[in-house]
Amino acid sequence: MSRPDVVVTGLGATTPLGGDVASTWDAMLAGRSGVSALTQEWAAQLPVRIAAQLAVDPSTVLDRVKLRRLDRSEAIALVAAQQAWADAGLADSGLDPERLAVSVGSGIGGATTLLAQDDILEASGPRRVSPHTVPMLMPNGPAAWVGLELGAKAGVHSVASACATGAEAIALGLDIIRSGRADVVVAGGTEAVIHPLPIAGFASMRAMSTRNDEPEKASRPWDKGRDGFVLGEGAGVVVLERAEHAAARGARVYARLAGAGITSDAYDIVQPHAEGEGAIRAIAKAVADADVAKTDIRHVNAHATSTPVGDMLEIGALHKAVGDHPLLTATKSMTGHLLGAAGALESIATILAIRDGVVPPTINLDDPDEGLSLEVAAHKARHLEIPAALNNAFGFGGHNVALVFTRV
Amino acid sequence: MTRDEITAGLAEILEEVAGVNPDDVAEGKSFTDDLDVDSLSMVEVVVAAEEKFGVKIPDNEVQNLKTVGDAVSYIAAQS
């Protein structure tokens, strides 16, 4: 039996650029930055006082009582999943719940709940700790809530691979459909950890930009002046569907998820391999799995987080694994780095780039690094016919994930 | 504090914690069967009630508080 094709039939997101996919995509094409100063009192003591905060707070979308039992990462995963579900038109499709699975991960999980409840424990004692604490902080919480909301009974999965999580969750969805375990997988990533402790932790690693006086210019992948990533929050979810199932119900199809490549470095807990060996293998595997010619990969939505080392390693890996023809972009220049949601949001940007024939810009690329030997859609969106495109995501722990989407 | 005042206080807590319409709260109503309060929300209701009414409601008592009226009687006897 031949391997089933998998297509994307629904998209959902809530991001620093907008409360849904359409507003986020419009802002991306316009080259808007979602980064701003952190004006909260707790930020004053931090070395990093900028972040890409959600454009639309989940409290304006979800019911107040429901929000009491949701970590912010769970709430926004639900928002994005509900959008994707509605977008796919599956609500009244008669889909068998036992053919519906969920694959939604988070890089860090319910850390803000853990910290807030610890404050309550210290101040008021154990009896005041919320009975919702555990389901709010457990790392499978976002996936479980999405599964509960949509009635998914074919399995609920929560990938955790740091900043590769969103992309790996989508890759798992591909595997689930190919293996015949489900016809539809709601897949993506979520992250909401704009809180002093995670910021202090990343800042202590010297991983974050400290361009506090120019928030909108702080995330600048491949620019000589880049000095680290900017933390963002948000969620992105896609509906993956067995192609024949989508065709049978006349579903609108955005793109085909043609292939995925997953590797691990086995090199260092946080540093990427010095020659990008794991990234090269992941990209090559994804291209081979998709069974497309390297020359068809016309566009890459790069992982490019605006860190001094990682950005250029990825360029080298792309050269080796794909060649020098694709037009690159780094949408993190606008959204900041959504950690576990990054690979999902950037997959959505990749899918829409294919659909619309347009590559969103990389803003702030004013003074390109000498090592930037591939073409980038700097400053402005560029029209481009895209038969196939690649999305990369790499994470602390040595996780490398590459996804190939193709035009239908 | 009268029974009606305690019922009204519980209604406020139930609205805050579980989104129960205050008009639905009456002594004869069961927390789980009529007002749809699940076990985790019930824990929140109990802790909030202890604070609001200045009483202690031990965990082994909570299982006996099936209806709003049961809770009102327990709180009235303690306060």
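Keep in mind the model is a prediction, meaning the values are calculated, not measured.

Let us now look at the overall build of chain B. A count of helical and extended segments in chain B gives four helices and zero strands. In sequence order, the secondary structure elements of chain B are arranged as α-α-α-α. Computed over its C-alpha atoms, the radius of gyration of chain B comes to 11 Å, within 12% of the 12 Å expected for a compact globule of 79 residues. Seen through its C-alpha atoms, chain B measures out along the principal axes to roughly 25 × 25 × 20 Å. Every one of the 79 residues in chain B was classed for burial, and the buried ones make up 28%. Contacts spanning at least 24 positions in sequence make up 54% of the contacts within chain B whose residues lie at least 6 apart.

Bringing the sheet that holds strand β1 (residues 6–14) of chain A into the picture now. All names here are of chain A. Here we have ten strands laid out as an open sheet, ordered β5-β4-β6-β7-β1-β8-β14-β13-β9-β10, and mixed in their pairing. Since the sheet does not close on itself, it has two edges, and those belong to β5 (156–157) and β10 (327–329), each with one partner. In this sheet, strand β7 (residues 234–242) lies alongside β1 in antiparallel orientation, the contact comprising eight bridges. Paired with valine 8 across the bridge in β7 is leucine 240. Each of β1, β4 (100–106), β6 (184–191) and β7 touches helix α3 (residues 72–88); the most contacted strand, β1, lies at about 135° to it. Together, β1, β4, β5, β6, β7, β8 (255–264), β13 (388–395) and β14 (399–406) form the strand contacts of helix α7 (residues 165–178), whose direction differs from that of β6 by roughly 170°.

Turning our attention to helix α2 (residues 39–53) of chain B. All names here are of chain B. Taking 1.5 Å per residue as the helical rise, α2 with its 15 residues ought to reach 21 Å, and the 21 Å between its terminal C-alpha atoms agrees with that figure. For α2, the full list of buried residues reads Ser41, Met42, Glu44, Val45, Val46, Ala49 and Phe53. Buried-residue contacts for α2 involve α1 (3–18), α3 (59–62) and α4 (68–78).

This part takes up unusual backbone geometry. All names here are of chain A. One non-glycine residue with positive phi stands out, namely alanine 162, at about 50°. Checked against the element boundaries, alanine 162 lands in the loop between β5 and α7. Here alanine 162 falls in the buried class, since 20 other C-beta atoms lie within 10 Å of it. Of note, serine 306 is a non-glycine position whose phi angle comes to about 90°, a positive value. With respect to the helices and strands, serine 306 occurs in the loop between β9 (297–301) and α11 (310–321). By the C-beta count within 10 Å, which is 27 here, serine 306 ends up buried.

Residue and element names in this part refer to chain B. The positions UniProt marks with the feature "modified residue: O-(pantetheine 4'-phosphoryl)serine" (unreviewed entry) are Ser39. Position of serine 39 relative to the elements: it lies in helix α2. You can call serine 39 exposed: it has 10 C-beta atoms within 10 Å.

For the rest of this paragraph, the subject is the nonpolar core. If you look at the biggest cluster of nonpolar residues, it comprises 136 residues, and the most contacted ones within it are Val186(A), Val238(A), Leu240(A), Ile283(A) and Leu403(A). Per-element accounting of this core gives the leading share, ten residues, to α3(A). There are two domains that each give this core at least three residues, and those are domain 1 (6–248) and domain 2 (260–406) of chain A. Setting aside its immediate chain neighbours within four residues, Leu403(A) contacts Ala167(A), Ile170(A), Ala171(A), Leu257(A), Ala260(A), Ala286(A), Ser347(A) and Asn391(A). One finds Leu10(B), Val45(B), Val68(B) and Ala71(B) within the second-largest nonpolar core, a separate group that totals 20 residues.

The subject of this paragraph is the domain arrangement of chain A. One widely used convention gives an interface's size as the accessible area the parts lose upon coming together. All names here are of chain A. Each assigned domain of chain A is listed here: domain 1 (6–248) and domain 2 (260–406). Here the C-alpha centre of domain 2 lies 20 Å away from the C-alpha centre of domain 1. Among the secondary structure elements, those contributing two or more residues to the side of domain 1 that touches domain 2 are β1, α1 (21–29), β4, α7, β6 and β7. No other element matches α7, which puts eight residues into the side of domain 1 that touches domain 2. Broken down by class, the residue content of the side of domain 1 that touches domain 2 amounts to 30 nonpolar, 20 polar and nine charged.

Further remarks concern the interface of chain A and chain B. The interface of chain A with chain B comprises five residues on the first partner and six residues on the second. Looking at the side of chain A that touches chain B residue by residue, the classes come out as two nonpolar, one polar and two charged.

Next up on the list: the confidence of the model for chain A. Per-residue pLDDT for chain A averages 97, and the proportion of residues at 70 or more is 100%. By mean pLDDT, the top-scoring element of chain A is β7(A) (99), and the lowest-scoring one is helix α2 (residues 64–67) of chain A (95).

Glancing now at the UniProt feature "domain: Carrier" (unreviewed entry) in chain B. Mapped onto this numbering, the UniProt entry gives "domain: Carrier" (unreviewed entry) at residues 4–79 of chain B. This span, residues 4–79 of chain B, is 59% helix and 0% strand, and a straight line between its end C-alpha atoms measures 14 Å.

Glancing now at the environment of Ala71(B). Residue and element names in this part refer to chain B. Along the polypeptide, alanine 71 turns up in helix α4. A C-alpha to C-alpha distance of 9.8 Å links alanine 71 and phenylalanine 31, two positions 40 residues apart in sequence. Those residues in contact with alanine 71 that sit more than four places away from it in its chain are Leu10 and Leu65.

All names here are of chain A. Most of β8 sits inside the fold, with nine of its ten residues counted as buried. Taken together, the two bridges between β1 and β8 define a ladder with antiparallel strand orientation. Bridging across to β8, valine 8 finds its partner in alanine 255. Across eight bridges, the pairing between β8 and β14 is antiparallel. Across the sheet, leucine 257 pairs through a bridge with phenylalanine 405, a residue of β14.

The rules behind each value
- Residues numbered from 1 in each chain as written.
- Chains lettered and ligands numbered in written order.
- Predicted model: local features only at pLDDT ≥ 70, side-chain atom pairs only at ≥ 80, totals over all residues.
- Helix = DSSP H or I, 4+ residues; strand = E, 2+ residues; numbered from the N terminus.
- Rg over C-alpha atoms; globule rule 2.2 N^0.38 Å.
- Buried ≥ 20, exposed ≤ 12 C-beta atoms within 10 Å, placed from the backbone.
- Contact = placed C-beta atoms within 7 Å.
- Pairing = 2+ DSSP bridges.
- Axes fitted to C-alpha atoms, helices over the stretch in contact; angles between N-to-C directions.
- Expected span 1.5 Å × (residues − 1).
- UniProt positions renumbered as here; feature names shortened; annotations may be inferred.
- Core = buried A, V, L, I, M, F, W, Y, C linked by C-beta atoms within 7 Å.
- Domains from an automatic or database assignment.
- Nonpolar A, V, L, I, M, F, W, Y, C, P; charged D, E, K, R; others polar.
- pLDDT = per-residue confidence, 0-100.

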